[in-house]
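# Report on the structure
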Amino acid sequence: MNVVVLNEVRKGFYLDSVALMRLSREVAGSPGVIEAALMMGTPSNAAIMRNAGLLEEGTAVKGNDLVIAVKAESETAAREALDNAIKSLDKPKTQGEAQSAWRPHSIAAAVKVRPEINLALISVPGEFAASEARKALNRGLHVLMFSDNVSLEDELSLKQQARAAGLLMMGPDCGTAVIGGAPLAFANKIRRGRIGIIGASGTGTQEVSCLISEAGAGISHAIGVGGRDLKKDIGGITTLMAIDAFESDPETDHVVLISKPPHPDVAKSVLERIGRSRKSYTVCFIGASEIELPPNARFSPTLKGAAELALGDKKIGAGFDANAVASRLPRSGRGGIEGLFAGGTLCAEAQVILAAAGRKVASNAAIPGVVKLGVEPNAGRDRLIDLGDDEYTRGRPHPMIDPSVRDDALRAALKNRDLSVVLLDLVLGYGAHADPAEHLTKIVADRGQDAPALIASVVGTEQDPQGRSAQVRKLEQAGILVAPSNAQACELAVAIVQNAGR
Amino acid sequence: MTDQDRPQYQQLLARKVEVVNVGLEGFVKDLRDCGIDVVHVDWKPSAGGDPQMAALLAKLGV
């Protein structure tokens, strides 16, 4: 087959990754197009396009260039797709809310006119995120950095600068925070209440806050710290500051701390600080074994368990009986489980639960004790994939924004006769896809009778823009089993494969 | 200690949040829907799109 690659480079033209994704899809759908990409020409994006054979020989790009790259079956098809992309780019923008308002060109200009601004929400490409965060800190702003692919050195230096200035540096790779009811980045519409959350993980915070909210209690604030804050290199700088912030917050009685297992030295200093607190704590180090805690703290290795402790031992999804549901299902597959997760911490929680049930597990985001995919042999193991990991999100939006990241893997899993169960998560809320259930049900609609059982959990609340019960209904109508929490979805998966083995 | 004496990060939880958004435009609508004041920056990569130069300029306070 004849393959033609054409590029168009727009100098000094910026679009955010969601707008680029929409346009990329439009161009990729043109007749005769094999592959297409619209990306900012950052060094990492240029490498992605070069590896995919999408950059013409000799095409030089810079980080502030917009690159349109088309690979097509003929010169005519490539040219037509490229022309359509250019027309779309040149179309006047619709007058959305952000367009109609004043749009300064820099943080400095914004703060000069609006000195009341106290927080910068930063989601630019990773290569530029640290520079923008530094500008925000220099102007006395707290920062929530949603961007990932930021170096550990930059993270440490930004957090040290923030601490010296008495400012909170949330992130990088901080997926969510809720400060005084303000949903920052991905967040759900949750009830206000007296439980605070400190989260080194975005979806972990979302799952715990939603379970608490749906159980009738509420959240005072949720502070995100970024996935690496409790690593030895960072030393828990933001976590320790968040503990201090909650200490002096009269709206908070109890705090839930959520993270993957920290470095032992960092865990020691964090737990020592919690021990000096006047408030009670739930410590959820996902995948850690029982640890020695101060008297004002209790431990949970799972998100559901953490929510239950914070609720004063109230059971979540008490009417859900995994064994009873499993016993009513027909058998299919050879007993394998595959998890395709948008939420990294939901993937980690799944590893904890499957491993505790005696399953052999492998993951691209392996917790301690689990085999790392692509590094160690994983034949015969359940595969739990975090689709939000850097390898899947470099140069494209997070699967919570663009669920199509999961589509190919899901289609393959549906035809895999080794599998008895496919585990899925849907994450609702602000920032997330408008209707992830609709997207998912279309992908699985034509699955065979003997396809593996599909089990989903829905992270969200009834008040979220997507509405939790409406999403659950759509999934159930498509024959997808929906559990009250991710943990219970995993328990059901285990019950099904154990049932199939009998 | 009065609220004013505390470091800024301890005051954040008691204050109204007002946001400058730099990056994904979709976050602006979500914040406004929740009654939060937000200014969206019409951002472009600085320093001609050279990340290292941009980092240097930010460190220099430019």
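Residues numbered from 1 in each chain as written. Chains lettered and ligands numbered in written order. Predicted model: local features only at pLDDT ≥ 70, side-chain atom pairs only at ≥ 80, totals over all residues. Heavy atoms only, no water.

### Some points on the overall build of chain B
- The helix and strand inventory of chain B stands at three helices and two strands.
- Its helices and strands taken in sequence order, chain B reads α-β-α-β-α from the N to the C terminus.
- Taken over C-alpha atoms, the radius of gyration comes to 16 Å for chain B, far larger than the 11 Å a tight globule of 62 residues would show.
- Considering only C-alpha atoms, chain B reaches an extent of 45 × 30 × 10 Å along its principal axes. (Helix = DSSP H or I, 4+ residues; strand = E, 2+ residues; numbered from the N terminus. Rg over C-alpha atoms; globule rule 2.2 N^0.38 Å.)

### Here's the deal with empty space enclosed by the protein
Residues and elements named next belong to chain A.
- Overall, the coordinates contain three cavities of 30 Å³ or more when judged by the stated rule.
- Of the volumes computed, that of the largest cavity is approximately 120 Å³.
- The wall of the largest cavity is formed by 15 residues, among which Pro399, Pro403, Arg406, Asp425 and Pro436 lie closest to the centre.
- Where the lining of the largest cavity is concerned, the elements lending two or more residues are helix 15 (407-414), strand 18 (419-427) and helix 16 (436-444).
- With four residues, the single largest contributor to the lining of the largest cavity is helix 16.
- Its residues assigned to classes, the lining of the largest cavity shows 10 nonpolar, two polar and three charged.
- Quantified by volume, the second largest cavity comes out at close to 40 Å³. (1 Å grid on protein atoms, 1.4 Å probe; cavity = no way out; pocket = protein on both sides within 12 Å on 5 of 7 lines; lining within 4 Å. Points joined across faces, edges and corners; volume = space filled by probe spheres on them. Nonpolar A, V, L, I, M, F, W, Y, C, P; charged D, E, K, R; others polar.)

### Considering the nonpolar core
- Formed by 105 residues in total, the largest nonpolar core has its most connected members in Leu144(A), Ile223(A), Ile274(A), Leu423(A) and Val19(B).
- The leading source of residues in this core is helix 18 (residues 486-501) of chain A, at nine residues.
- Two domains each provide a minimum of three residues to this core, namely domain 2 (191-316) and domain 3 (322-501) of chain A.
- Judged by nonpolar contacts, the second largest core, of 49 residues, contains Val4(A), Ile122(A), Val143(A) and Val20(B). (Core = buried A, V, L, I, M, F, W, Y, C linked by side-chain atoms within 4.5 Å. Buried < 20%, exposed > 50% of the residue type's maximum accessible area, 1.4 Å probe, protein only. Domains from an automatic or database assignment.)

### Side note on the interface of chain A and chain B
- The partner chain B presents 46 residues to the 66 residues of chain A that form the contact.
- Summing both partners gives a buried area of about 4900 Å² for chain A against chain B, and 63% of it is carried by carbon and sulfur.
- The tally of links from chain A across to chain B stands at three salt bridges.
- Between Glu18(B) and Arg114(A) there is a salt bridge, and its shortest N-O distance comes to 2.9 Å.
- Top element by residues in the side of chain A that touches chain B is helix 6 (residues 126-138) of chain A. It accounts for seven residues.
- Across the side of chain A that touches chain B, the residue classes tally to 34 nonpolar, 18 polar and 14 charged.
- As defined by bridge partners, strand 4 (residues 119-122) of chain A adjoins strand 1 (residues 19-22) of chain B across four bridges and the pair is classed as parallel. In the sheet register, Ala120(A) faces strand 1 of chain B, and the bridge partner there is Val20(B). (Contact = heavy atoms within 4.5 Å. Buried area = accessible area lost by both parts, 1.4 Å probe. Salt bridge = Lys/Arg side-chain N within 4 Å of Asp/Glu carboxyl O. Pairing = 2+ DSSP bridges.)

### Some points on the pairing of strand 7 (residues 176-179) of chain A
Residues and elements named next belong to chain A.
- Side chains Thr176 and Val178 project from strand 7 onto one buried face, and the interleaved Ala177 and Ile179 project onto a second face that is buried too.
- Inspection of the sheet shows strand 7 paired to strand 8 (residues 182-185) by four bridges, in the antiparallel sense. Looking at the pairing, Ile179 lines up with Ala182 of strand 8.
- Linking strand 7 back to strand 8 in an antiparallel pair, the connection comprises two residues, with Gly180 at a positive phi of about 55°.

### Considerations on the sheet that holds strand 5 (residues 142-145) of chain A
- Pairing is parallel in the open sheet, where five strands are placed in the order 6(A)-5(A)-4(A)-1(B)-2(B). Two strands in the sheet have a free side with no partner beyond their single neighbour: strand 6 (169-170) of chain A together with strand 2 (38-40) of chain B.

### Digging into the domain arrangement of chain A
All names here are of chain A.
- Structurally, chain A comprises domain 1 (4-90), domain 2 (191-316) and domain 3 (322-501).
- The C-alpha centroid of domain 3 is placed 25 Å from the C-alpha centroid of domain 2.
- Counting from both sides, the interface comprises 18 residues of domain 2 and, opposite them, 24 residues of domain 3.
- Summed over both partners, the interface of domain 2 with domain 3 buries about 1600 Å², with 65% contributed by carbon and sulfur atoms.

### Some details on helix 15 of chain A
Residue and element names in this part refer to chain A.
- Listing the buried residues of helix 15 in full gives Asp407, Leu410, Ala413 and Leu414. Taken end-on, helix 15 shows its buried residues confined to a sector of 125°, consistent with a single buried face.
- In this structure, the buried side of helix 15 is in contact with strand 14 (336-341), strand 18, helix 16 and strand 19 (453-459). (Arc of directions from axis to C-beta.)

### As for the pairing of strand 4 of chain A
Residue and element names in this part refer to chain A.
- Across the two faces of strand 4 the burial is the same, with Leu119 and Leu121 and Ala120 and Ile122 all buried.
- Where strand 4 lies against strand 5, four bridges are found, and the strand directions are parallel. Its bridge partner being in strand 5, Leu121 is matched across the sheet by Leu144.
- Note on the crossover from strand 4 through helix 6 to strand 5: the handedness is right-handed. (Right-handed = clockwise from strand over helix to strand, strands pointing away.)

### What about the packing of helix 6 of chain A against helix 3 (residues 51-59) of chain B?
- The N-to-C vectors of helix 6 of chain A and helix 3 of chain B enclose an angle of 10°; their axes lie 9 Å apart at closest approach. Judged by the angle between their axes, helix 6 of chain A and helix 3 of chain B are roughly parallel. Across the interface between the two elements, Glu127(A), Phe128(A), Ser131(A), Arg134(A), Lys135(A) and Asn138(A) of helix 6 of chain A pack against Pro51(B), Ala54(B), Ala55(B), Ala58(B) and Lys59(B) of helix 3 of chain B. (Axes fitted to C-alpha atoms, helices over the stretch in contact; angles between N-to-C directions. Parallel < 35°, antiparallel > 145°, perpendicular 65-115°, else oblique.)

### Re the packing of aromatic side chains
- All chains considered together, the criterion is met by four aromatic pairs over all chains.
- Ring centres of Tyr14(A) and Trp43(B) lie 4.8 Å apart, and the angle between their planes is 85°; on these two criteria the pair is classed as edge-to-face. Of this pair, Tyr14(A) sits in the loop between strand 1 (4-11) and helix 1 (17-28) while Trp43(B) sits in the loop between strand 2 and helix 3, each in a different chain. Residues Tyr14(A) and Trp43(B) agree in their burial class; the two are buried.
- Measuring from centroid to centroid gives 5.2 Å for Phe146(A) and Phe186(A), while their planes differ by 70°, and the two rings are edge-to-face. With Phe146(A) in the loop between strand 5 and helix 7 (152-165) and Phe186(A) in the loop between strand 8 and strand 9 (192-199), this residue pair connects regions lying 40 residues apart in the sequence. Across the pair, exposure class does not vary: Phe146(A) and Phe186(A) are buried alike.
- Members of the aromatic cluster, each reached through a chain of ring pairs, are Tyr14(A), Phe128(A) and Trp43(B). (Phe/Tyr/Trp six-rings, centres within 6.5 Å; stacked < 30°, edge-to-face > 60°.)

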